[in-house]
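Descriptive analysis of the structure
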Amino acid sequence: AVNHVHSATGVGVRGDTKSINTTYKNGTYYMEDRTKYMYSQKGSTINTYTFNNGTSSQYYMTDADNTWNASTQRAAVDAHYYAGKVYDYYYNSLGRNSYDGNGHAIISGVRYSSRYNNAFWEGTQMVYGDGDGSTFIALSGAYDVVAHELTHAVTEYTSGLVYSYQSGALNESWSDAMASVMDSNDWLIGEDVYTPGISGDALRSMSNPAAEGQPAHMNQYVNTSSDNGGVHTNSGIPNKAFYNFATSIGSRSIAGKIWYTASRDYMTSSTNFSGARAATLSACAALYGSGSSYYTSLKNAWSAVGVY
Ligand SMILES: O=C(O)[C@H](CCc1ccccc1)CC1(C(=O)N[C@@H](Cc2c[nH]c3ccccc23)C(=O)O)CCCC1
Ligand SMILES: [Zn+2]
């Protein structure tokens, strides 16, 4: 096959079978995807590793027969698969080649620490815990979580929103918004890996932030220093604005394109909620005109959450 590229069968976190892209070299298969445009452009790939429940070293994911169905491989199968889907969305729908716009390699590490109930963008790669099996199952098992984490990298290369207070809540919200565009069959975040014993709940709800303890209006903004100034709390306000807009125009993809363009062309590291409203309006005008119905819907979406 070209560059020893193979498509393989893998089993994900929730026991679901899917096709992943792997590479054969030195007599074994690696969880390395060379099928993307980034490879033909720069030779960089999507690569997925495991921490094997440690916290410092990560190890190659290899398989002798290219059938990735071991229980210890499930988190990696999903991290790899969903990273590929997020790459594809940014490239095919938004014209962005990886998170830096220049085909940068995309690295994920799974099975971080022990019973670790979280995931994060570490600054150069994604890192996922296995969860404790009660609060979370392996967090790479959720498309929206992977899209959320990789969008933090996009934000670093576009607006550069500082991760605290209002700019930090926007940083958070842009990750949730792009995740909801890609994982588009609900308005929930993290539901596929959160509390396996409880159905219907989620980490966050964009349609009803209050359902998961977030404010949905500026007059409910939480002034706190914890969590970098409440970035995972106050993101409910711009999240609700995105939900209002996407539902009023009847398109998550158009709303996502405006949100992405706002972050790339009109937002900076210190943009606050009012600045985000202005940036999304500028992006909307640039893409569809200030006389478009989208422009009016967008103003209404922000005013409904008390942001002007
Ligand atoms: O990317 C992010 O914003 C979150 C990164 C959190 C983090 C930051 C720095 C070091 C370690 C961890 C991770 C996610 C998140 O929203 N975490 C929230 C909620 C949460 C998950 N696990 C938790 C355990 C305890 C408390 C809160 C949480 C948080 O960290 O607040 C995003 C999607 C799912 C997990
Ligand atoms: Zn985040």
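Overview of the structure.

The rules behind each value
Residues numbered from 1 in each chain as written. Chains lettered and ligands numbered in written order. Predicted model: local features only at pLDDT ≥ 70, side-chain atom pairs only at ≥ 80, totals over all residues. Heavy atoms only, no water. Donors = N, O, S within 2.8 Å, 3.2 Å for Na, K, Ca; no water. Helix = DSSP H or I, 4+ residues; strand = E, 2+ residues; numbered from the N terminus. Core = buried A, V, L, I, M, F, W, Y, C linked by side-chain atoms within 4.5 Å. Buried < 20%, exposed > 50% of the residue type's maximum accessible area, 1.4 Å probe, protein only. Expected span 1.5 Å × (residues − 1). Near = heavy atom within 4 Å. Polar contact = N/O pair within 3.5 Å; in protein donor to acceptor, adjacent residues only side chain to side chain. Areas by Shrake-Rupley, 256 points an atom, 1.4 Å probe, with all protein chains shown as cover. Phe/Tyr/Trp six-rings, centres within 6.5 Å; stacked < 30°, edge-to-face > 60°. Pairing = 2+ DSSP bridges. Contact = heavy atoms within 4.5 Å. Axes fitted to C-alpha atoms, helices over the stretch in contact; angles between N-to-C directions. Parallel < 35°, antiparallel > 145°, perpendicular 65-115°, else oblique. Left-handed = near helix turned anticlockwise from the far one by under 90°. Nonpolar A, V, L, I, M, F, W, Y, C, P; charged D, E, K, R; others polar.

This part is about the coordination of the zinc ion (ligand 2). Four donors placed tetrahedrally about a metal ideally form angles of 109.5 degrees, and six donors placed octahedrally ideally form angles of 90 or 180 degrees. In the first shell of the zinc ion (ligand 2), the protein supplies His-148 (NE2), His-152 (NE2) and Glu-172 (OE), at 1.9 to 2.0 Å from the metal. Here the donor residues of the zinc ion (ligand 2) share one chain and are spaced in sequence as H-x3-H-x19-E. Of this pair, His-152 sits in helix H3 (residues 143-157) while Glu-172 sits in helix H4 (residues 165-182); the two residues are 20 residues apart in sequence, bridging distant segments of the chain.

What follows is about the nonpolar core. Ranked by size, the top nonpolar core spans 77 residues in total, and within it Ile-106, Tyr-128, Phe-242 and Trp-259 carry the most contacts. Of the residues forming this core, the biggest block, 11 residues, is contributed by helix H2 (residues 74-94).

With that out of the way, let us pick up H3. Between its first and last C-alpha, H3 extends 22 Å over 15 residues, near the 21 Å set by a 1.5 Å rise per residue. Judged by how many residues are buried, H3 sits mostly within the fold: 13 of 15 residues are covered.

The immediate surroundings of ligand 1 are formed by 14 residues, with Asn-117, Glu-149, Glu-172, Arg-204 and His-232 found nearest. Glu-149 places a side-chain nitrogen or oxygen 2.9 Å from an oxygen atom of ligand 1. Residue Tyr-163 places a side-chain N or O atom 3.2 Å away from an oxygen atom belonging to ligand 1. Out of a free accessible area of 670 Å², ligand 1 has 65% covered by protein chains. At the level of elements, strand S10 (119-121) and H3 are the ones that each hand at least two residues to the shell around ligand 1. Ranked by residue count, the leading element in the shell around ligand 1 is H3, at three residues.

Turning to the packing of aromatic side chains, a few remarks are in order. Within the structure shown, the criterion is met by 23 aromatic pairs. Consider the rings of Tyr-37 and Tyr-91, whose centres lie 4.7 Å apart with planes at 25°: the pair is stacked. Here Tyr-91 lies in helix H2 and Tyr-37 lies in helix H1 (residues 37-42), a separation of 54 residues in the sequence. Look at Tyr-91 and you get partly exposed, because its relative accessible area is 29%.

Before going further, it helps to examine the sheet that holds strand S1 (residues 5-11). As a general point, the strands of a sheet are linked pairwise by backbone hydrogen bonds and lie either parallel or antiparallel. The strand order S7-S3-S2-S1-S8 describes an open sheet built from five strands, whose pairing is mixed. Of all the strands in the sheet, the pair left with one neighbour each is strand S7 (62-63) and strand S8 (67-68). Most of the contacts of H2 go to strand S2 (residues 17-25), to which it runs at about 90°, and overall it touches S1, S2 and S8.

Before going further, it helps to examine the packing of helix H6 (residues 236-249) against helix H7 (residues 252-265). Where H6 meets H7, the closest approach of the two axes is 8 Å, and the angle between their N-to-C directions is 135°. Considered as vectors, H6 and H7 are oriented oblique to each other. For H6 against H7, the interelement crossing comes out right-handed. Within the contact between the two elements, H6 uses Phe-242, Phe-245, Ala-246 and Ile-249 and H7 uses Arg-252, Ile-254, Ala-255, Gly-256, Ile-258 and Trp-259. Its residues assigned to classes, the contact of H6 with H7 shows eight nonpolar, one polar and one charged.

What follows is about the pairing of strand S5 (residues 46-50). By the criterion of burial, S5 is predominantly enclosed, with five of the five residues buried. For strand S4 (residues 32-33) and S5, the ladder comprises two bridges, and the chain directions are antiparallel. Residue Asp-33 lies in a different strand from S5, and its bridge partner there is Ile-46. Of the pairings in the sheet, the one linking S5 to strand S9 (residues 106-112) comprises five bridges and is parallel in character. Each bridged residue has a counterpart across the sheet, and for Asn-47 the counterpart in S9 is Ile-107. Sheet analysis places S5 next to strand S6 (residues 59-60), joined by two bridges and oriented antiparallel. Each residue of the ladder has a partner; that of Thr-50, found in S6, is Tyr-59.

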